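Examination of the molecular architecture
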Amino acid sequence: MNKTLVAAAVTLAAASLSSQAMARDSIYIVGSSTVFPFSTAVAETFGRNTDFATPKVESTGSGGGLKLFCAGVGVDHPDITNASRRMKASEFERCQEAGVEDITEVKIGYDGIALANSREADQFNLSLRDIWLALAKDVPNEAGELIPNPYQTWNEVNPDLPEVAIEVLGPPPTSGTRDAFVELAMEGGCKTYDFIKAMKKEDKSKYKAVCHGIREDGAYVEAGENDNLIVQKLVANPDALGIFGFSFLDQNADQVQGSKVDGVEPTFESIADGDYPVSRSLFFYVKNAHVGTIPGIEEFVAEFTGEQAWGPEGYLVDKGLIPLPDAMRAEVASAAQSFAPMSRP
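Residues numbered from 1 in each chain as written. Predicted model: local features only at pLDDT ≥ 70, side-chain atom pairs only at ≥ 80, totals over all residues. Heavy atoms only, no water.

As annotated in an unreviewed UniProt entry, the protein carries the name Phosphate ABC transporter substrate-binding protein and is attributed to Marichromatium purpuratum 984.

Structural data, given as structure tokens:
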């Protein structure tokens, strides 16, 4: 009996020490590569101007970040995850099942998804249909039947486009940029065909497979979550196009140029007013169970949602963030700073 009690005491002491060793005094953030530079800028400013430790920010992709975020509550799990798309209902449910119950959703602004190429090459002018025909796994033939994508060069897709091989460097399936691209650009082009558009009512799964399916024959190259690497590859290969957020285009405007989509260039103004067709909202999510336990979360959220950061004259605009309208920004800031729990998406 005594040996059992001693063993139990040792185990309890070890567990206590382990818990203390695991405790941390800095915020842990994961998620979207697109939101990463914005979150990093806020983290650095926060660490410099407060007594709190600088948050740790990792670029894991939106899907990867939400998977880590929703895995559980406790110091082993992230406090905040960034996302370049809204959380899916399935992800929200996964969070709930793992005990991550109260979550605050913060929309931080807008971004456009650019299809860019080297400034050494001609600028592309693409329609949404051109984009889908170039990158879809299956496309219609003249008889209106879906066949494996036969197009090898851009001028085969559209005679007005250059006679160069289709090579597009883009993000992997874990990326929110990939999710938004297939929803906005690919599906936008796909549904210009009436018979495919009608498919959505008849067979939603087939419609999604047709519109969202990306070819796997080498024309689309998964280039990872590192958008800076895509920029470097575009500079090295002027015939290739790359897919990434407007902020990276803006920061590398001396090396790459954005393609026009349906005649509209990806610019701060065209994204802010909704003219650019491939635009999306950006978010971060806070695990409310960690608020008050991990030091500085309240203050970090206040910094991120302060006018000095995300306002029209804020330092995040210099990084390429397109701000929310004034009234929406005030409403989101109020909900964020009071940690109002989100409802199921």
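What follows continues from the structure just given.
1. Examining the environment of Gly224
Structurally, Gly224 can be placed in the loop between strand S9 (220–222) and helix H10 (227–236). Note on Gly224: relative accessible area 28%, which makes it partly exposed. It is 22 Å that separates the C-alpha atoms of Gly224 and Tyr28, two residues lying 196 residues apart in sequence. What Gly224 contacts, discounting residues up to four positions off in sequence, is Gly170, Pro171 and Pro172. (Helix = DSSP H or I, 4+ residues; strand = E, 2+ residues; numbered from the N terminus. Buried < 20%, exposed > 50% of the residue type's maximum accessible area, 1.4 Å probe, protein only. Contact = heavy atoms within 4.5 Å.)

2. A look at the nonpolar core
Ile108, Ile131, Trp132, Trp154 and Phe181 are the most contacted members of the largest nonpolar core, which totals 84 residues. The element contributing the most residues to this core is strand S4 (residues 103–118), with seven residues. Each of domain 1 (28–110 + 280–338) and domain 2 (112–279) contributes no fewer than three residues to this core. Apart from the residues lying within four places of it in its own chain, the contact partners of Ile131 are Leu115, Leu126, Phe181, Ala185, Met186 and Val261. Listed in part, the 12 residues of the second largest apolar core include Cys70, Ala83, Ile103 and Met342. (Core = buried A, V, L, I, M, F, W, Y, C linked by side-chain atoms within 4.5 Å. Domains from an automatic or database assignment.)

3. Some thoughts on the state of the cysteines
In the structure shown here, the tally under the stated rule is two disulfides. Residue Cys70 pairs covalently with Cys95 via a disulfide, S to S 2.0 Å. Across the S-S bond linking Cys70 and Cys95, the dihedral sits near -70°, which makes this disulfide left-handed. Taken together, the residues span a long stretch of sequence, with Cys70 in the loop between helix H3 (62–69) and strand S3 (80–83) and Cys95 in helix H4 (residues 89–97) at a distance of 25 residues. Both residues of the pair, Cys70 and Cys95, belong to the buried class. Linked covalently through their sulfurs, Cys190 and Cys211 form a disulfide whose S-S length is 2.1 Å. (Disulfide = S-S within 2.5 Å.)

4. Details of the packing of helix H5 (residues 128–135) against helix H7 (residues 176–190)
Orientation of H5 relative to H7, taken along the N-to-C sense of each, is 100°, at an axis distance of 6 Å. The orientation of H5 with respect to H7, classified from their angle, is roughly perpendicular. From H5, Leu128, Arg129, Ile131, Trp132 and Leu135 reach across to H7, where they touch Phe181, Leu184, Ala185, Met186, Gly188, Gly189 and Cys190. Residues that form the contact of H5 with H7 fall into these classes: nine nonpolar, two polar and one charged. (Axes fitted to C-alpha atoms, helices over the stretch in contact; angles between N-to-C directions. Parallel < 35°, antiparallel > 145°, perpendicular 65-115°, else oblique. Nonpolar A, V, L, I, M, F, W, Y, C, P; charged D, E, K, R; others polar.)

5. Digging into a positive patch on the surface
Where like charges cluster on the molecular surface, the positive patch consists of Lys67, Lys88, Arg94, Lys204 and Lys208. Tracing the chain through its elements places Lys67 in helix H3. A relative accessible area of 59% places Lys67 in the exposed class. (Patch = residues over 30% accessible without salt bridge, like charges linked within 9 Å, V, L, I, M, F, W, Y side chains within 5 Å. Areas by Shrake-Rupley, 256 points an atom, 1.4 Å probe, with all protein chains shown as cover. Salt bridge = Lys/Arg side-chain N within 4 Å of Asp/Glu carboxyl O. Lys, Arg positive; Asp, Glu negative; His and termini not counted. Charge placed at Lys NZ, Arg CZ, Asp CG, Glu CD.)

6. What to know about the pairing of S4
Here S4 lies mainly inside the structure; 14 of its 16 residues are buried. As judged from the nine bridges shared by S4 and strand S13 (residues 279–287), these two strands associate in the antiparallel manner. The residue of S13 that forms the bridge with Lys107 is Phe283. With four bridges joining them, S4 and strand S10 (residues 241–245) adopt antiparallel strand pairing. Note that in S10 the partner of Leu115 across the bridge is Ile243. (Pairing = 2+ DSSP bridges.)

7. So, the domain arrangement of the protein
Domain boundaries assigned for the protein yield domain 1 (28–110 + 280–338) and domain 2 (112–279). Taken over C-alpha atoms, the centre of domain 1 sits 28 Å from the centre of domain 2. In this complex, domain 1 contributes 20 residues to the contact, which on the side of domain 2 involves 21 residues. Taken together, the two surfaces of domain 1 and domain 2 that pack against each other cover about 1,400 Å², and 55% of this comes from carbon and sulfur. For the domain 1 face of the interface with domain 2, the top three residues by lost area are Ser33, Arg280 and Ile322, together amounting to 42%. For the pair domain 1 and domain 2, the interface holds one salt bridge. One salt bridge in this structure joins Asp179 and Arg85, with 2.5 Å as the shortest N-O distance. Where domain 1 packs against domain 2, one counts eight residue pairs in polar contact (both at pLDDT 80 or more). Secondary structure elements with two or more residues in the side of domain 1 that touches domain 2: helix H2 (36–49) and H3. (Buried area = accessible area lost by both parts, 1.4 Å probe. Polar contact = N/O pair within 3.5 Å; in protein donor to acceptor, adjacent residues only side chain to side chain.)

8. Here's the deal with the packing of H2 against helix H13 (residues 297–304)
Between H2 and H13, whose axes approach to 10 Å, the crossing angle comes to 120°. When the interaxial angle is binned, H2 and H13 end up oblique. Where H2 crosses over H13, the handedness of that crossing is right-handed. On H13, the residues touching Phe38, Ser39, Val42, Ala43, Thr45 and Phe46 of H2 are Glu299, Phe300, Glu303 and Phe304. In terms of residue class, the contact of H2 with H13 is built from six nonpolar, two polar and two charged. (Left-handed = near helix turned anticlockwise from the far one by under 90°.)

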